[in-house]
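# Structural description and commentary
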Amino acid sequence: MSNETERDTSLVLRRHGRLAPPVEGDVLVSADLGPQGTMVALWARPEDREALFGRTRGSGGASFPDPRTARPVEVRVAEYAPRMQRVVTLRELRIGFPSVQPLPDGRLLVVGARCRRRGGDPEHNAAVHDPDGTPVRTGVLGDGIEHVRTTTAGDVWVGYFDEGVFGNLGWDDPIGAPGLVRFDADLRQTWRYEPPEEAGFIADCYALNVTDTETWTCYYDAFPVVRICDGRAEAWPAGVPAQALAVHGDRVALVGGYDTDHNRVVFLERSAGKAATTGTGRVRLPDGSPAPAQTRFTGHGAELHALCGTDWYRADLETR
């Protein structure tokens, strides 16, 4: 994956904002990029955050995630652009390991990463809330959810990690078997990923970039770069493990990797079904230091967003 034009380079982030808690004493539960480049964060009191990530220890010492909380939990959803725009309180939430995304008309979607199935009756791990926080609909999006991204039209794209693809927690025929599934705003399946022959199937959806016009992904184990538009997928062999990707025209930035490669960036140029590496380097903070290991990267079109604790950074491949 290298050629004589490859060079050592870096991607320098610029500070975009900070996620301030909506209520003093709140701690961050999760934060995800929304369809218009906003950041949508879930906050709770420390004791409630602990309840949202409950685990049960089995007789053999193994620890299993609790898809449902042991008690109702109150959380707050705050949306930032980059300053806080609105806060919605959700009361009596029972979904464990939650993330949140915006839906049209001010509604909110809360999704739990884990979902248990007992016989033919799976738990509901997704809930749609009205703008005032009232739950109006629940549904099943499956177990082993790694990514949830929505569009301004209300499409819900869900990428799954290996347990959601191959089955666990009672799932013999998992919803996430394709690795990438699209739902509508009423939580009904509308599309399932079918890989191009050269790409191979998804065993673990590492990176997902969703805009209103196209979706990009990079996944284990072949790590192709895949573009999905109007339901059709095309792929470019890349072979670069990445937790996020940003795309502008024929240029692709693959960010992240294993261990010490957590802040690596690999630049590719797509042409004639191939992707050639044009540069490698590190993602750096504005002061030039490498982005620390706890940084979470997300791509949105040509933009790369980075969240380190509550500090929000971004870079734009279009202007680089």
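Residues numbered from 1 in each chain as written. Predicted model: local features only at pLDDT ≥ 70, side-chain atom pairs only at ≥ 80, totals over all residues. Heavy atoms only, no water.

Turning next to the nonpolar core. Core analysis: the largest hydrophobic core is formed by 20 residues, its most contacted members being L109, L141, Y160 and F183. Here this core gets three residues from one element, more than from any other, and that element is strand β17 (residues 156-160). Not counting the four nearest positions on each side in its chain, L141 is found in contact with V111, N125, A126, V158, Y160, I175, F183 and L187. In this structure, F267, A302, A315 and L317 belong to the second largest nonpolar core, which totals 18 residues. (Core = buried A, V, L, I, M, F, W, Y, C linked by side-chain atoms within 4.5 Å. Buried < 20%, exposed > 50% of the residue type's maximum accessible area, 1.4 Å probe, protein only. Helix = DSSP H or I, 4+ residues; strand = E, 2+ residues; numbered from the N terminus. Contact = heavy atoms within 4.5 Å.)

We now examine unusual backbone geometry. Along the chain, A81 connects to P82 via a cis peptide bond; the corresponding omega equals -5 degrees. Its place among the elements puts P82 in the loop between β8 (68-80) and β9 (84-95). Positive phi is not limited to glycine here, since E92 has a value of about 60 degrees. Residue position: E92 is located in strand β9. Accessibility expressed as a relative area gives 63% for E92, which makes it exposed. At L169, a position not held by glycine, the phi torsion is positive, near 55 degrees.

Okay, the sheet that holds strand β4 (residues 27-33) next. Judged by pairing direction, the sheet is antiparallel, and its four strands sit side by side in the order β4-β5-β8-β9 without closing on themselves. Strand pairing shows two members of the sheet lacking a second neighbour, β4 and β9, which therefore form its edges. Adjacent strand axes in the sheet meet at a mean angle of 25 degrees when their direction is disregarded. Two elements, β4 and strand β5 (residues 39-44), share six bridges in a ladder whose sense is antiparallel. In the sheet register, A31 faces β5, and the bridge partner there is A41. (Pairing = 2+ DSSP bridges. Axes fitted to C-alpha atoms, helices over the stretch in contact; angles between N-to-C directions.)

Take the packing of aromatic side chains next. Counted according to the given criterion, the structure contains 10 aromatic pairs. Here the aromatic rings of Y193 and Y219 are separated by 5.9 Å at their centres, their planes lie at 75 degrees, and the arrangement is edge-to-face. Taken as a pair, Y193 in the loop between β19 (189-192) and β20 (204-210) and Y219 in strand β21 (residues 215-220) lie far apart in primary sequence, 26 residues in all. Y219 carries the same exposure label as Y193, and that label is buried. Their ring planes at 75 degrees and their centres at 5.8 Å tell us that Y220 and F223 sit as a pair that is edge-to-face. Just above the ring of W236 sits the side chain of R270; from NZ or CZ to the centre is 4.4 Å. (Phe/Tyr/Trp six-rings, centres within 6.5 Å; stacked < 30°, edge-to-face > 60°. Lys NZ or Arg CZ within 6 Å of the ring centre and 35° of its normal.)

Turning next to the pattern of salt bridges. Enumeration over the complete set of coordinates arrives at 22 salt bridges. Taking the shortest distance from any N to any O, the salt bridge between R149 and D32 comes out at 3.3 Å. Here R149 is found in strand β16 (residues 145-150), whereas its partner D32 is found in strand β4, with 117 residues between them in sequence. A single burial state applies to R149 and to D32, both of which are buried. The shortest N-O distance in the salt bridge between R282 and D261 comes to 3.8 Å. Taken together, the residues R282 in strand β27 (residues 274-284) and D261 in the loop between β25 (251-255) and β26 (264-271) connect sequence positions 21 residues apart. (Salt bridge = Lys/Arg side-chain N within 4 Å of Asp/Glu carboxyl O.)

The strand order across the open sheet formed by four strands is β10-β11-β14-β15, and the pairing between neighbours is antiparallel. Bordering the open sheet on either side are β10 (98-102) and β15 (135-139), each of which pairs with just one other strand. Pairs of neighbouring strands in the sheet enclose a mean axial angle of 20 degrees, with direction left out of account. Bridging between β10 and strand β11 (residues 108-112) involves five bridges; their strand directions are antiparallel. The residue bridging V100 from the neighbouring strand is V110, located in β11.

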